[in-house]
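# Commentary on secondary and tertiary structure
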Amino acid sequence: MANSIIELKNLVFRYASATEPCLDIASFRAVAGDRVFLYGPSGSGKSTLLGILGGVLAPQQGEVTILGQNLVSMTSAARDRFRADHIGFLFQQFNLIPYLSVFDNVLLPCRFSERRLQQALAGGATLHAEAERLLSHLDLGPALWDRPVTQLSVGQQQRVAAARALIGRPEIVIADEPTSALDADRQASFLQLLLRECGEANATLLFVSHDRRLAKDFKREIDLSTINSVSHEQEAA
Ligand SMILES: Nc1ncnc2c1ncn2[C@@H]1O[C@H](COP(=O)(O)OP(=O)(O)O)[C@@H](O)[C@H]1O
Ligand SMILES: [Mg+2]
């Protein structure tokens, strides 16, 4: 049996301000190289689940085991370190640093994580060469590399965010509705680039969307409501 990369057991999470739990998940597992498409309507707890997997949110009950390590027993500082070392995050709103260049945005994870830096250098290239390789693979040419990210189109900014998530080969890439700001053509091509890059790095990809049309290229498709026993009223997307 393939090694578990992500393993959840009997997870219960409730926001401090809420009276009822938002998530109650008996079990969930992802293995090395998995490509999981997780969908559900807006408000169904997708981002909350990703926050738990990334160690940003701590559940009240249950086990969260990532790469064999129990996140629940870690201090929040240790979880932050673990996230920086092992997880590439890609957000709907990109979260790029506006005053930094394309290049410096991509290099950020290697400044926060020695492990990501060493892995970026493992192929024998320089850090800049590795950033250039990723940017080129994501169809961002040299003319853009030194520009502030604010001068790029939305589609270009999302590819910069993808390069940042991928640099230093994190074992897990978590993408929270990364295509929702893109038009339909851009969504499809961005998804192909992301899948290809995660495949080459053998990263486990957890891709979240409320748009099920994007699911067809994934090996696994999971409706959050089938694994979450808390039912949510459907909210407007
Ligand atoms: N910081 C928060 N405090 C309290 N409730 C929250 C917070 N963030 C999200 N929620 C609530 O938790 C539920 C799940 O939200 P979320 O995980 O963002 O859903 P999704 O990503 O599927 O749209 C929603 O009802 C939302 O209003
Ligand atoms: Mg969300």
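The structure this text deals with has already been given above.
Presented here is an overview of the structure given in this document. If you're wondering where the values come from, they're calculated on a predicted model, not measured in any experiment. (Residues numbered from 1 in each chain as written. Chains lettered and ligands numbered in written order. Predicted model: local features only at pLDDT ≥ 70, side-chain atom pairs only at ≥ 80, totals over all residues. Heavy atoms only, no water.)

## So, the packing of aromatic side chains
Taken as a whole and assessed by the stated rule, the structure comprises 7 aromatic pairs. With a centroid separation of 4.8 Å and an interplanar angle of 90°, the aromatic rings of Phe13 and Tyr15 are classed as edge-to-face. On the basis of relative accessible area, Tyr15 is assigned to the partly exposed category, the value being 34%. With a centroid separation of 6.0 Å and 70° between ring planes, the pair formed by Phe103 and Trp145 is classed as edge-to-face. Of this pair, Phe103 sits in helix α3 (residues 102-112) while Trp145 sits in the loop between α5 (127-137) and α6 (154-166), and the two are 42 residues apart along the sequence. The same class applies to Phe103 and to Trp145, which are both buried. By way of ring pairs, the aromatic residues Phe37, Tyr39, Phe207 and Phe218 are connected into one cluster. (Phe/Tyr/Trp six-rings, centres within 6.5 Å; stacked < 30°, edge-to-face > 60°. Buried < 20%, exposed > 50% of the residue type's maximum accessible area, 1.4 Å probe, protein only. Helix = DSSP H or I, 4+ residues; strand = E, 2+ residues; numbered from the N terminus.)

## Comments concerning the packing of α3 against α5
As a packed pair, α3 and α5 sit with axes 10 Å apart at the nearest point and diverge in direction by 115°. As judged from the angle between their axes, α3 and α5 are roughly perpendicular. Crossing of α3 over α5 shows right-handed handedness. Contact with α3, carried on its side by Val102, Phe103, Val106, Leu107 and Cys110, involves Leu127, His128, Ala131, Glu132 and Leu135 of α5 and no other residues of that element. Grouping the amino acids of the contact of α3 with α5 by side-chain chemistry returns 8 nonpolar, 1 polar and 1 charged. (Axes fitted to C-alpha atoms, helices over the stretch in contact; angles between N-to-C directions. Parallel < 35°, antiparallel > 145°, perpendicular 65-115°, else oblique. Left-handed = near helix turned anticlockwise from the far one by under 90°. Contact = heavy atoms within 4.5 Å. Nonpolar A, V, L, I, M, F, W, Y, C, P; charged D, E, K, R; others polar.)

## Considerations on the site of ligand 1
Inspection of the region around ligand 1 gives 12 residues, with Gly43, Gly45, Lys46, Ser47 and Thr48 positioned closest. Contact distances for ligand 1 include 3.4 Å between a nitrogen atom and a side-chain N or O atom of Tyr15. At 2.8 Å, a side-chain N or O of Lys46 approaches an oxygen atom of ligand 1. Look at ligand 1: alone it shows 560 Å² of surface, and the protein chains cover 61% of it. When grouped by side-chain class, the residues that make up the shell around ligand 1 number 3 nonpolar, 7 polar and 2 charged. (Near = heavy atom within 4 Å. Polar contact = N/O pair within 3.5 Å; in protein donor to acceptor, adjacent residues only side chain to side chain. Areas by Shrake-Rupley, 256 points an atom, 1.4 Å probe, with all protein chains shown as cover.)

## So, the pattern of salt bridges
This model, assessed by the stated rule, comprises 11 salt bridges. Salt-bridge contacts for Arg81 lead to Asp85; the nearest nitrogen and oxygen are separated by 3.3 Å. With Arg81 and Asp85 both in helix α2 (residues 76-86) and 4 residues apart, the pair spans about one turn of that helix. Across the pair Arg213 and Asp211 runs a salt bridge, and its minimum N-O distance is 2.9 Å. (Salt bridge = Lys/Arg side-chain N within 4 Å of Asp/Glu carboxyl O.)

## Some remarks on the state of the cysteines
Scanning all chains against the criterion turns up 0 disulfides. Summary of cysteine pairing: Cys110 is not part of a disulfide, and the nearest cysteine sulfur, belonging to Cys198, is at 16 Å. (Disulfide = S-S within 2.5 Å.)

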